[in-house]
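# Coordinate analysis (summary)
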Amino acid sequence: MEFTKGDNRFYKEKDDKLVAEITYIPRGNDVDVNHTFVDPSLRGQGIAEKLVDRVVEEMEKEGKKIIPSCPYVGKLFERKPEKYGHIHAK
């Protein structure tokens, strides 16, 4: 799934309806990923993790670390330190 880059967010719309979104707030050399949303019709397909991966990809390019204040992102970082440990602002 491809996501559109917006102002401090990545998102997906379908039929003019928001179906997936992740938002972040710049904090100096870090970004605070504070919200993840996936429409119930898309849940269980790994969309939320794909959103996180898209932010990770962008922040790697920018040389920034991620503060995972969104509960989903925090739990994902804890569950998969081998995948996200390098980008986690601790």
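What counts and how
Residues numbered from 1 in each chain as written. Predicted model: local features only at pLDDT ≥ 70, side-chain atom pairs only at ≥ 80, totals over all residues. Heavy atoms only, no water. Helix = DSSP H or I, 4+ residues; strand = E, 2+ residues; numbered from the N terminus. Expected span 1.5 Å × (residues − 1). Buried < 20%, exposed > 50% of the residue type's maximum accessible area, 1.4 Å probe, protein only. Axes fitted to C-alpha atoms, helices over the stretch in contact; angles between N-to-C directions. Parallel < 35°, antiparallel > 145°, perpendicular 65-115°, else oblique. Contact = heavy atoms within 4.5 Å.

This part covers helix H1 (residues 47–62). The end-to-end C-alpha distance of H1, which contains 16 residues, comes to 23 Å, matching closely the 22 Å that a straight helix rising 1.5 Å per residue would cover. Every buried residue of H1 is listed here: Ile47, Ala48, Glu49, Leu51, Val52, Arg54, Val55, Val56, Glu58 and Met59.

It is worth spelling out the packing of H1 against helix H2 (residues 71–79) at this point. Look at H1 against H2: their axes get within 11 Å of each other, and the N-to-C directions meet at 80°. When the axes of H1 and H2 are compared, the pair comes out roughly perpendicular. Contacts between H1 and H2 involve Ala48, Glu49 and Val52 from the first element and Tyr72, Val73, Leu76 and Phe77 from the second.

The quantities given are spatial measurements derived from coordinates; they are silent on function.
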